[in-house]
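Each chain, letter by letter, is given below.
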Amino acid sequence: MRMTYTVAIAGATGYAGGEVARVLLGHSQAKIETVCAHSSRGLLGEHQPHLRPLRDLELQPLDARVLADHDVVVLGLPHGASAEITRDIEKINPDALIIDLGADHRLESSSAWEEFYGSPAAEPWTYGMPELMRASGPSQRERLGSTRRIAAPGCNASAVTFAAQPAIAAELATGDDIVAILSVGYSGAGKTPKAHLLASEAVESAAPYAVGGTHRHIPEIAQNLMAAGAPEVSLSFTPVLVPMSRGILATVSIPVHDGVSAADVEEAYRDALSGEPFVVWSDTWPTTGLSVGSNLALVHAELDRDERRITAICALDNLVKGTAGAAVQSMNLALGLPEVEGLPQVGVAP
């Protein structure tokens, strides 16, 4: 007998929470019963008019007692807010599956958290990236299949991880001196109004941010690549806001060992992505337009002409595979459902 799981979404008026709601509307075994917000009130349709099937849901206060009465709780809250409300939910319903879209529970290193986020670290949860390659121990899918606490990955971290981890896992590279330049859509900056996010500032302009090793996804990327087998990671990471609403194009340059051939690179990437439903090999250099609206991450890699580096490019939708899709995919595994349930594998073109 098919079971329907009840879902509550905290932060449902934001981009991430709203995208989880959109994805779950196509899920056959999940029913969104409750939407909560910190300060917004009224009907969800007043804040997320595109979510028409949910437009008459009344926004509830951000209260653990409201959230806990569900099988699944999705937290789309600012960094630092998830840990406290999780403790209150656990007291009421310890069996609830809780998925945090924020960064609070992603990092295993408390010192890395404190360095990049400037606040006390919370306990790490099971990392919500089923495709994370691990050099040892249980696979990430096995870990997700036995957890009740999931930390959804960062969107930029996902793009760089998918581009680089096949080279690390195949021992073509060590993880040293990786350079990543990301073109990022403006939805990645969140929904809070800020001067630099105005259309008059953004249109016809590309704007770098968090330059010089300061971006908070750097320790997350290093953690992922070390899981794949890198002894340590040295990463130059520069994101650039470009005038598109959603999407990430990550261009990642990875030094390789002497003697690595173009055939070695293609074989490593094709083998790593073989059988994956969402992180897939692209025969040509991918574009963000091919992944919009889908849970796909498109990856292509080639050895540079001088045979010193791999150039790997990953294109994904930052709100789907970068956030909400990864959360739902991980939710499916934790609930014992088919991993692909409710997740689009087809992009929108043009």
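Residues numbered from 1 in each chain as written. Predicted model: local features only at pLDDT ≥ 70, side-chain atom pairs only at ≥ 80, totals over all residues. Heavy atoms only, no water.

The name given to the protein chain in an unreviewed UniProt entry is N-acetyl-gamma-glutamyl-phosphate reductase, with Trueperella bialowiezensis as the source organism. Heading Subcellular location (unreviewed entry) of the UniProt record for the protein chain holds this comment: "Cytoplasm". Its UniProt record, at the heading Function (unreviewed entry), says of the protein chain: "Catalyzes the NADPH-dependent reduction of N-acetyl-5-glutamyl phosphate to yield N-acetyl-L-glutamate 5-semialdehyde." (UniProt positions renumbered as here; feature names shortened; annotations may be inferred.)

1. Some remarks on the overall build of the protein chain
On a plain count of helices and strands, the protein chain comes out with ten helices and 14 strands. In terms of overall dimensions, the protein chain has C-alpha extents of about 60 × 50 × 40 Å along its principal axes. Counting only residues that meet the buried cut, the protein chain has 53% of its 350 residues in that class. Summed over all atoms, the accessible surface of the protein chain reaches about 15,000 Å², with 51% contributed by carbon and sulfur. (Helix = DSSP H or I, 4+ residues; strand = E, 2+ residues; numbered from the N terminus. Buried < 20%, exposed > 50% of the residue type's maximum accessible area, 1.4 Å probe, protein only. Areas by Shrake-Rupley, 256 points an atom, 1.4 Å probe, with all protein chains shown as cover.)

2. As for helix H1 (residues 15–24)
With seven of ten residues buried, H1 lies mostly within the body of the structure. What H1 keeps buried is the set Gly17, Gly18, Glu19, Val20, Ala21, Val23 and Leu24. Residues of H1 that are buried make contact with strand S1 (5–10), strand S2 (30–37), strand S4 (72–75) and helix H10 (320–335). (Contact = heavy atoms within 4.5 Å.)

3. Brief notes about the UniProt feature "domain: Semialdehyde dehydrogenase NAD-binding" (unreviewed entry) in the protein chain
Mapped onto this structure's residue numbering, the UniProt feature "domain: Semialdehyde dehydrogenase NAD-binding" (unreviewed entry) falls at residues 6–140. With 25% helix and 19% strand, residues 6–140 has its two end C-alpha atoms placed 25 Å apart.

4. Quick word on the nonpolar core
With 56 residues, the main nonpolar core has Val252, Ile254, Tyr269 and Ile310 as its most contacted residues. Here the element with the most residues in this core is helix H6 (residues 155–169); it accounts for nine residues. Residue assignment places this core across two domains, with domain 1 (5–152 + 322–335) and domain 2 (156–316) each supplying three or more. Among residues more than four places away in sequence, those in contact with Ile254 are Ala163, Ala164, Ala167, Ala173, Ile178, Tyr269, Arg308, Arg309, Ile310 and Ala312. Counting residues in hydrophobic clusters, the runner-up holds 34 residues, among them Ile32, Leu54, Leu101 and Leu335. (Core = buried A, V, L, I, M, F, W, Y, C linked by side-chain atoms within 4.5 Å. Domains from an automatic or database assignment.)

5. What about the side chain of Ser187?
Take Ser187: it is sitting in the loop between strand S8 (178–184) and helix H7 (199–202). Looking at Ser187, its side chain comes within polar contact range of the main-chain oxygen of Ser245, at 2.6 Å. A distance of 3.0 Å separates a polar atom in the side chain of Ser187 from a polar atom in the side chain of Asn318. (Polar contact = N/O pair within 3.5 Å; in protein donor to acceptor, adjacent residues only side chain to side chain.)

6. Notes on the environment of Tyr209
Looking at the element boundaries, Tyr209 is found in the loop between strand S9 (207–208) and helix H8 (218–227). As a C-alpha pair, Tyr209 and Pro239 span 30 residues in sequence and 6.1 Å in three-dimensional space.

7. Considerations on the packing of H1 against H10
Axes are the key here: two packed helices are described by the angle between their axes and the distance separating the axes. Direction vectors running N to C along H1 and H10 enclose 50°, while the axes themselves pass 9 Å from each other. In terms of their interaxial angle, H1 and H10 are classed as oblique. In this structure, H1 crosses over H10, and the sense of that crossing is right-handed. Seen from H1, the contacting residues are Ala16, Glu19, Val20, Arg22, Val23 and Leu24; seen from H10, they are Val320, Thr323, Ala324, Val328 and Met331. Looking at the contact of H1 with H10, its residues break down into eight nonpolar, one polar and two charged. (Axes fitted to C-alpha atoms, helices over the stretch in contact; angles between N-to-C directions. Parallel < 35°, antiparallel > 145°, perpendicular 65-115°, else oblique. Left-handed = near helix turned anticlockwise from the far one by under 90°. Nonpolar A, V, L, I, M, F, W, Y, C, P; charged D, E, K, R; others polar.)

8. Remarks on the domain arrangement of the protein chain
Per the domain assignment, the segments of the protein chain are domain 1 (5–152 + 322–335) and domain 2 (156–316). The gap between the C-alpha centroids of domain 1 and domain 2 is 24 Å. Domain 1 puts 27 residues into the contact, and the matching count from domain 2 is 32 residues. Buried area between domain 1 and domain 2, summed over both chains or domains, comes out near 2,300 Å², and the portion from carbon and sulfur atoms is 54%. When the buried area of domain 1 at its contact with domain 2 is split by residue, Tyr15, Phe116 and Met133 rank highest and sum to 30% of it. Linking domain 1 with domain 2 are 13 residue pairs in polar contact (both at pLDDT 80 or more). (Buried area = accessible area lost by both parts, 1.4 Å probe.)

9. Points about the UniProt feature "active site" (unreviewed entry) in the protein chain
What UniProt calls "active site" (unreviewed entry) maps, in this numbering, to Cys155. Judged by its relative accessible area of 11%, Cys155 falls in the buried class. With near-sequence residues (within four places) excluded, Cys155 lies in contact with His217, Ile248, Leu316, Asn318, Gly322 and Thr323.

10. Considerations on the side chain of His215
Looking at the element boundaries, His215 is found in the loop between S9 and H8. A polar contact is formed between the side chain of His215 and the backbone nitrogen of His217, at a distance of 3.0 Å.

11. As for the packing of aromatic side chains
Applying the stated rule across the entire model yields two aromatic pairs. Measuring from ring centre to ring centre gives 6.4 Å for Tyr269 and Trp281, while their planes differ by 50°; the resulting arrangement is tilted. Of this pair, Tyr269 sits in helix H9 (residues 262–273) while Trp281 sits in strand S12 (residues 279–281), and the two are twelve residues apart along the sequence. In this structure, Tyr269 and Trp281 share a single accessibility class: buried. (Phe/Tyr/Trp six-rings, centres within 6.5 Å; stacked < 30°, edge-to-face > 60°.)

12. A word on the sheet that holds S12
Reading across the sheet, the seven strands line up as S9-S10-S8-S11-S14-S13-S12 and stay open at both edges, with mixed pairing between neighbours. Edge positions in the sheet fall to S9 and S12, since each of these pairs with one other strand and no more. Alignment of S8 against strand S10 (residues 235–241), held across seven bridges, turns out to be parallel. Residue Ile178 lies in a different strand from S10, and its bridge partner there is Leu235. (Pairing = 2+ DSSP bridges.)

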